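Descriptive analysis of the structure
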Amino acid sequence: MTQPQTRDEQPTNPTRQKSTGMRLIVPLQGIVQGRGGLILGTLIPCALFYFFQLYTKRNRGNSSNTPSNPPSPSSSSPNLAELPRTSSRLSLFSRVGSSGPVSVSGRASLIARENDSPYYIGLEKVSKDPYDKERNPDGIIQLGLSENRLCFDLIEKWMVENVREAMVGRDGEHLSINGIAAYQPFDGLMELKVALAGFMSQVMRKVVSLDPSQIVLTAGATPAIEILCFCLADHGNAFLIPTPYYPGFDRDVRLRTGVELIPVHCRSADNFLLSVTALEQAYNQARKRGVRVRGILISNPSNPVGNILPRETLHNILVFAQEKNIHIICDEIFAGSVYRGEEFVSMPEILMEEFDKNRVHIIYGLSKDLCLPGFRVGVIYSYNKNVLALAKRLTRFSSISAPSQRLLISMLSDTKFIEEFIKTNKQRIQKLHHSFVDGLKQLGIQCIESSAGFYCWANMSELISSYGEKGELDLWDKLLNIAKVNVTPGSACHCIEPGWFRCCFTTLALEDIPVVMKRIRKVAETCKSLS
Amino acid sequence: MERNHQLLSQIATNDRHGENSPYFDGWKAYDNNPFHPTNNPDGVIQMGLAENQLSADLIVDWIKKHPEASICTPEGVHKFKDIASFQDYHGLPEFRQAIAKFMGRVRGGRVTFDPDRIVMGGGATGANELIMFCLADPGDAFLVPSPYYPAFYRDLGWRTGVQIVPVDCDSSNNFQITKAALEAAYDKARQDGINVKGLIVTNPSNPLGTTLDRETLKCLLSFINEKNIHIVCDEIYAATIFSSSNFISISEVVEEIVDCNRDLVHIVSSLSKDMGLPGFRVGIVYSYNDAVVNCGRKMSSFGLVSSQTQYLLASMLSDDEFVENFLAVSSKRIEKRHSVFTKGLEQIGISCLESNAGVYVWMNLRHLLQEQTNDGEMALWRVIINDVKLNVSPSSSFHCVEPGWFRVCFANMDDETLEVALKRIHAFVGERKERETLSAKTKCWKKNLRLSFSSRIFEEGIGSPIAMSPHSPLVRARN
């Protein structure tokens, strides 16, 4: 039986109820103040209250029924405001054994209530109306997904030259069903770990050689980060994270682990580079609130800004972590995309100095540097034996598909191909970066000087109507729906300064750039004329 | 380092990984001394891994005949860039459609599945964990009929914090789940202040190999509706049903019950057993509850199926002719293997629970136990592992209340290896009979049944003063 609702509890349609409520409550005031007598003072208010209850119960009753509309179609938006009426049944007043609406878990309820970030909304919109030069020239151009489509030709060429059998590689091995179909070690085949250790070393400029026995493989970098969180932190603990950061972390880190992310704000004045002072501040504030900080999560090269941490900063972060006795998770997934001559210093490199390595864990994957996000290949590289042992056990929930492992062992072992690939990849990214940033400059939009990644961090603050999150989201909306260009607003990345946008360019061809700029110009000029 | 342990989470230091269970000791024995027909004919034969390798040839054959289904061959490489970059957690539409079709086929075409309700998980393991994350909070509980798959303890509860409340079943009614047992377990849990969120059943059952009949399924549905709790039906062995039987899925019965609240019903499926493709890591959660589908989909990012694999399977499972043939041949082969094995066991007086599915049998060795206790079972099991050299799984690892049962897997080896296994069992039972007959002739009855049983008996040979006759009337009466 549904519990009686007090005036305090708001049903699912608050604004509507409130106005109805107000219309009833105001006249009641006089009665409440004792001016009513028996009929007016008792019976009528009771009657009114009864009818009020009936009204709200009926409304809630409707939303609790089995929905008559069909289940959400595949193109249903992750924008949960559009979820069918069943979302209202996830209210938490259902109890054990009650005949009221069935409750799902707290996490599921939270997801249902959350409004999706513009990051996800944009991605969804593009998938419904994607730009195609020939077939859909008016579609939305995707600049919100940091995907690299520049080097598929190289991989396809390698396939054609090397793959003899479906799913297995160039050594002409027979298609052995045991090799691809049977149970494999959950944390990945040793041959793949060896191949990946070699690949990572190549990507990190061969300064350090990596140990395959320190690798645990996962089905993508997404579970890799989740597994590390489960290993290093408990529900309610937190990680410090410099902003702006990759929007996906909000879900990957927090969704199932219950671990919090505490932002450490970086500013344009510092080129959005992390300062240890800010770290210290954030750490102390967390302690004051009684939150236990278990570690720092950094991305190097960073996403969304695309800069790399200088050696000194890395050093200072390590010192800080040692001092506070906390962990460091370093996401180096863009390590192979460093296209400017600047020195990229990876964690393994700096750990060659004297540091307690047991607190450092690196995340990597093939989604960016080898352009294979669909294959789901993630790496946890840790110096901590206990973490490795535990992570290994947890990979039973997220293992890499065996046929994909076999194919990659083949590909990654071809070191000559890989070297060529890494080199060409960087050149192509740099070319596009140059052209794109230039194009934006001509529109009067400046970008932070970056040296890696598939995107640029553009300052469009002069185009926003009101300097704040609302203004930024207005601009984002205009860009998405009028200019038909999907970019990621800084607020989705928790950037403290409004007006910054991440624009990914590696899904474009060079000739698409003028099209993009033309569209942005349209909106930019409208915005400028309004301000 | 001491300091290091303090740096790790509670999950790191608790033992819900469950690897301290004897279930895994057998695996360790196998890993240390694995059987090989030529290289190591005296090694331990793995009969503790429920894998289906009987129809792998059909799959290899199909893959070879369809190079276009792979994105790495010249015929398929034109799809490479689209597939390799596809990471949408909705999954390839053609993959979901093919899986929906396959699931319908496995259930005899009597149910249609909606591709939009299909959510991926990292294998059945990941799928089971995912549905728990969607339905329950830390501290909540799920009812699980025993005996149950040992890894449930880990998969359902390690990271989710969900507790397992067993619903005990025993051989008095062939281990069937009764309403009374469900009610009793539910009521006791509530009395203990435990919040029961749902019921999870494996159908076909692991380790029993039995399937739930229509009446039981209806009874389960009415129970969960009454209590307003969820039901998760782990149907990963659905296609291992013998060719002479029909598998009734919960989805079929849901259609029949008029006021069943479908938001409570969820199915877990996989290709690891049905098709013998555990390495592909294909786990599926199918839910009638929109909120669960929505939430589950987001969580599936932690265990998406490789797009390369999705693409291949989309092609394979849409090949109606292949699927029909595969399911028919596979179930015939499983049934045949089951028959060979059970008949071989019958010849030496070992019976198994009557089953009609699964890649294992639930073998009854209660008559061989020294004492009808856990210790008795463990003692016998150690003999089987160390002396008979077969890795079988004892009922205690499945949390069964009745000792003396063993799950024996038969579909992860060739015919010859199965023969070797049967021979070894024959030899073991034969030897024991001999010793009993001898000891029965030379000893008088002993009322005290607390006798120790050590593997050293075989070395010392006959005439041990503590030998106990497993065929004595006393023991038979107790059985």
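Residues numbered from 1 in each chain as written. Chains lettered and ligands numbered in written order. Predicted model: local features only at pLDDT ≥ 70, side-chain atom pairs only at ≥ 80, totals over all residues. Heavy atoms only, no water.

- The name given to chain B in an unreviewed UniProt entry is 1-aminocyclopropane-1-carboxylate synthase, with the source organism recorded as Salix udensis.
- Checking UniProt for chain B, the heading Sequence similarities (unreviewed entry) contains the comment "Belongs to the class-I pyridoxal-phosphate-dependent aminotransferase family."
- Within the UniProt record for chain B, the comment given under Subunit (unreviewed entry) is "Homodimer." (UniProt positions renumbered as here; feature names shortened; annotations may be inferred.)

- Identification of chain A as Aminotransferase class I/classII large domain-containing protein from Salix udensis is taken from an unreviewed UniProt entry.
- Word for word, the UniProt comment on chain A under Subunit (unreviewed entry) is "Homodimer."

Considerations on the UniProt feature "domain: Aminotransferase class I/classII large" (unreviewed entry) in chain B
- Mapped onto this numbering, the UniProt entry gives "domain: Aminotransferase class I/classII large" (unreviewed entry) at residues 45–425 of chain B.
- Across residues 45–425 of chain B one finds 41% helix and 15% strand; the C-alpha atoms that close the span lie 12 Å apart. (Helix = DSSP H or I, 4+ residues; strand = E, 2+ residues; numbered from the N terminus.)

Structural notes on the confidence of the model for chain B
- Overall, the prediction assigns chain B a mean pLDDT of 88, with 90% of residues at 70 or greater.
- Every residue in residues 447–479 of chain B is under pLDDT 50, and counting partners more than four places away or in other chains gives 47 contacts. (pLDDT = per-residue confidence, 0-100. Contact = heavy atoms within 4.5 Å.)

Here's the deal with empty space enclosed by the protein
Residues and elements named next belong to chain A.
- Tallied over the entire structure, the rule returns 10 cavities of 30 Å³ or more.
- Taken as a whole, the largest cavity spans an internal volume of roughly 180 Å³.
- In terms of lining, the largest cavity is formed by 19 residues, of which the most central are Pro242, Pro244, Phe272, Ser299 and Ser302.
- When residues of the lining of the largest cavity are traced back to their parent elements, those giving at least two are strand S3 (238–243) and strand S5 (293–299).
- Split into classes, the residues belonging to the lining of the largest cavity amount to 14 nonpolar, five polar and no charged. (1 Å grid on protein atoms, 1.4 Å probe; cavity = no way out; pocket = protein on both sides within 12 Å on 5 of 7 lines; lining within 4 Å. Points joined across faces, edges and corners; volume = space filled by probe spheres on them. Nonpolar A, V, L, I, M, F, W, Y, C, P; charged D, E, K, R; others polar.)

A short note on the state of the cysteines
Residue and element names in this part refer to chain A.
- Enumeration according to the criterion identifies zero disulfides over all chains in this entry.
- Not part of a disulfide, Cys151 finds its nearest cysteine sulfur in Cys371, a span of 5.4 Å.
- No disulfide involves Cys231; its sulfur sits 9.1 Å from that of Cys229, the nearest cysteine. (Disulfide = S-S within 2.5 Å.)

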